[in-house]
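These are the residues of each chain, in order.
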Amino acid sequence: MSAGITKGGASAAERHDGIAVAPGGLEILSRGQGRPILLIHGVNTISPKAPFLDGLARHGEIIAPSAPGFGHSPRPTDFDTMYDLVQLYREVLDGLPDKAIVIGFSFGGWIAAEIATAGSAKMHRLVLVDPVGIKIGGREERDIVHFFNTSPDELNRLSWHDPARRPQGTYGLGWQSAIDDAMPDDDLVVLARNWDALCLYAWRPHMYNPQLAHWLHRISVPTLVLWGASDRIVTPDYGRAWARRIPGARFELIEEAGHHPELEQPQAFVDRVARFVAGTS
Amino acid sequence: MQLWNHCECPYPFVSQEILDQADSVRASLPNMLCDPKIVATLYDEIFDEYRLCDDLGLHIVTNEHHAGINNLWAANPVITGVVARVTRKARILSLGTLVTVRPDPVRIAEEYATIDVLSRGRLEIGFVKSGATEMVNGDANPMRIREREWEAIDLIEKTLTTHDGPFSWEGKFFTHPFVNIWPRCWQSPRPDFWAATSDFPTCAELGRRGIVNTLLFGGYDRTRQAFDAYKRGRAEAGLAPPGEDRFSYMGFCYVGDTDEEAYRIGQKIPWFLTVSIKSAPQFSTFQPGAVAPEMAPKAWRRGAGSKRPTNLDVESLVRQGQMFAGNPDTVVKQIKEFRRRVGGLGSLIMMTRQGLVTHAEAEKSFELCAREVLPQLQDLEPLDEPAAPVEPWRAVATAAP
């Protein structure tokens, strides 16, 4: 198994919308120039239409691989655990030309935190955006709304500050409620692949590593924990618990945003990331 | 041909108003709606039906579903063990406990070996891939269940057939460093295996392994295609053509004194499809793995949520080959026609005590079936497609210790 990325996707064949396919088969979206900004996607891959991309690309070179099984990336045989994902993204990081700002969204935030906990010389800064991945509450308290056992309409309601303002062509949790006849076939195929892959990696325990919370104190890079104030998939209190466990971590809320603040408040998201990186340089 | 009674022990006692309001009648319906006193009576009635079938020469199928009005046999090995103890002659097919949900196939093998001994060699072991709400109630990952099922089957088979253990198993999905069950099973080398599927590649694999292929409500065409896939799987592997006993079909069935009576009572059976399978979209259409990604545009654009079947009157179901209903002679004709059109059938599994069918109605159908239908299905002329002899180890099974 190999990430197949050696230089921020530069060796890959350009396809469209800044998406390329690396020699190892991973689909990669890249945009901008400068210090690498590695995006680790969450429920769904980073869409070329994502409203924060251009703003963020003014601060470095965005590199956003689609993890195996997600997007159009193939999934090698027996690549089926969080352990595999963590090793793959470590390999991606190691292959970058410079130290990277790593931004993990939701499920991708969990991956990013696993990498940071294990330690990576190539991680410059860490931004966790509404991550899942740790267990905080008691055994009869659910920290994370169940992605797969909750009705799509309920997921849609809990995931967004205002589901009606979901940016066209991008999908977060509750994407099923956005299905209409106008959606391109490829979007539906990719959503199905993403949903299947997410389930494969994180059905049980659902969306967390029971041990991770005990080791977050090992994170040694400056860390920003960003949270949508209206997120009811994982609440801001859960986010504060995350931040408390990471030495020196900053916790910030983004108003009028749910589980996907980068999609609902793209400018605020970019501003917070830029300010954090500048302030900790 | 062998005839089997399959009852899922349904619970049609929750008010329609509540069922209409619920988004799912499986998985999430609170068990405050289930009265254990009613369930106890149901259990008594159905075990009495099993005993009647045992006396009459019909065989018995048990299965397993969880947390729903459709089925109260949640603990299949427990139920099958009881059947083993209260019957004397009938073969008993567990179809089956949920091997893709349960964590330890060795334990399953142990349960089956125990039942095989209890029944003195009357057990047949069935496998189902499962899915949907079962994954939710069992907290089992719905992805890769077919691969998990095959590994479970392999481990169960090795556990049942290894007698110089302990042996070690370090598989993809299951590990067990010290496998050695007591008692070992009665039949040698093991009870016959069955599997319920209409997936053609899986049918072909069943063919290569000699596992009985049973279809559930597949109708004429799908069943024929599945059985053909089974036969091709064997032929392409250079194996002898399968015996007719390798093919089984489950359909609704009611035998009455007259066609009119059978149709009237038979109309109570499709409750199974009209009411008891209502399932929320997150447990069905949108469950991961439920739809192959390349099929998602077609599957999801038609609208989310469970598809409620149509054409569920007895006449339509009979026409589609999903139900056998009428007076005994009518039913014999239907079964013979079905056997001819699907290219051979060794077992018919009859779902009779289903939906709103009463205990007395079920017993009447079984009696007519055993006395007037079953004799007409013995020593049938071979079909044009010659059937191979019975698998050799099935013959061995009857000469158990």
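Please read all numbers here as calculations on a predicted model, not as lab measurements.

Draft legend 1. Layout of the overall build of chain B. In terms of regular secondary structure, chain B is built from 15 helices and 11 strands. Radius of gyration (C-alpha) of chain B: 20 Å, near the 21 Å computed for a compact globule of 401 residues. Its C-alpha atoms give chain B principal-axis dimensions of about 55 × 50 × 45 Å.

Draft legend 2. Examining the overall build of chain A more closely. When helices and strands are counted, chain A shows 9 helices and 9 strands. A compact globule built from 281 residues would reach a C-alpha radius of gyration of about 19 Å, and chain A, at 17 Å, matches this within 12%. Considered along the principal axes of its C-alpha atoms, chain A spans approximately 50 × 45 × 40 Å. A total of 281 residues make up chain A; the buried ones form 56% of that total.

Draft legend 3. Examining the interface of chain B and chain A more closely. Across the boundary between the two partners, chain B contributes 22 residues, which contact 20 residues of chain A. Across the side of chain B that touches chain A, the residue classes break down as 13 nonpolar, 4 polar and 5 charged.

Draft legend 4. A look at the pairing of strand E6 (residues 175-179) of chain B. Residue and element names in this part refer to chain B. Along E6, only 0 of the 5 residues are buried, which leaves the element largely exposed. As paired elements, strand E5 (residues 167-170) and E6 share 3 bridges and run antiparallel to each other. The residue of E6 that forms the bridge with Phe167 is Val179. Hairpin connection from E5 to E6: 4 residues lie between these consecutive antiparallel strands.

Draft legend 5. Highlighting the nonpolar core. Counting 102 residues, the largest nonpolar core has Trp4, Cys253, Ala325 and Leu348 of chain B as its most contacted members. The leading source of residues in this core is strand E9 (residues 247-255) of chain B, at 7 residues. For Leu348 of chain B, the contacting residues outside a window of four places in its chain are Met1, Leu3, Trp4, Tyr249 and Ile335 of chain B. Of all hydrophobic cores here, the second largest spans 87 residues; its members include Phe70, Ala113, Ala202 and Ala257 of chain A.

Draft legend 6. Looking closely at unusual backbone geometry. A cis amide bond, omega -10°, links Arg204 of chain A with the succeeding residue Pro205 of chain A. A cis amide bond links Leu95 of chain B to the next residue, Gly96 of chain B, at an omega of -20°. When you line up the elements, Gly96 of chain B lands in the loop between strand E3 (92-95) and helix H4 (105-118). In the Ramachandran plot, Glu256 of chain A falls in the positive-phi region, its phi being about 55° despite a non-glycine side chain.

Draft legend 7. Local environment of helix H9 (residues 259-266) of chain B. Residues and elements named next belong to chain B. Every buried residue of H9 is listed here: Ala262, Ile265 and Gly266. Along H9, the residues classed as buried sweep out an arc of 100° about the axis, all on the same side. If you follow the buried residues of H9, they end up packed against E9, helix H12 (314-319), strand E10 (323-326) and helix H14 (359-373).

Draft legend 8. Broad picture of the environment of Asp35 of chain B. Within the secondary structure layout, Asp35 of chain B lies in the loop between helix H1 (16-21) and helix H2 (36-56). Under the C-beta neighbour-count criterion, Asp35 of chain B is labelled partly exposed, with 13 such atoms within 10 Å.

Draft legend 9. Broad picture of the packing of H4 of chain B against helix H6 (residues 145-161) of chain B. All names here are of chain B. Remark: H4 packs on H6, axes separated minimally by 9 Å, with the N-to-C direction vectors making an angle of 50°. Taken together, the axes of H4 and H6 lie oblique to each other. Considering the relative orientation of H4 and H6, their crossing is right-handed. Contact residues: H4 offers Pro105, Val106, Ile108, Ala109 and Ala113, while H6 offers Ala152, Leu155, Ile156, Thr159 and Leu160.

Conventions and cut-offs
- Residues numbered from 1 in each chain as written.
- Chains lettered and ligands numbered in written order.
- Predicted model: local features only at pLDDT ≥ 70, side-chain atom pairs only at ≥ 80, totals over all residues.
- Helix = DSSP H or I, 4+ residues; strand = E, 2+ residues; numbered from the N terminus.
- Rg over C-alpha atoms; globule rule 2.2 N^0.38 Å.
- Buried ≥ 20, exposed ≤ 12 C-beta atoms within 10 Å, placed from the backbone.
- Contact = placed C-beta atoms within 7 Å.
- Nonpolar A, V, L, I, M, F, W, Y, C, P; charged D, E, K, R; others polar.
- Pairing = 2+ DSSP bridges.
- Core = buried A, V, L, I, M, F, W, Y, C linked by C-beta atoms within 7 Å.
- Arc of directions from axis to C-beta.
- Axes fitted to C-alpha atoms, helices over the stretch in contact; angles between N-to-C directions.
- Parallel < 35°, antiparallel > 145°, perpendicular 65-115°, else oblique.
- Left-handed = near helix turned anticlockwise from the far one by under 90°.

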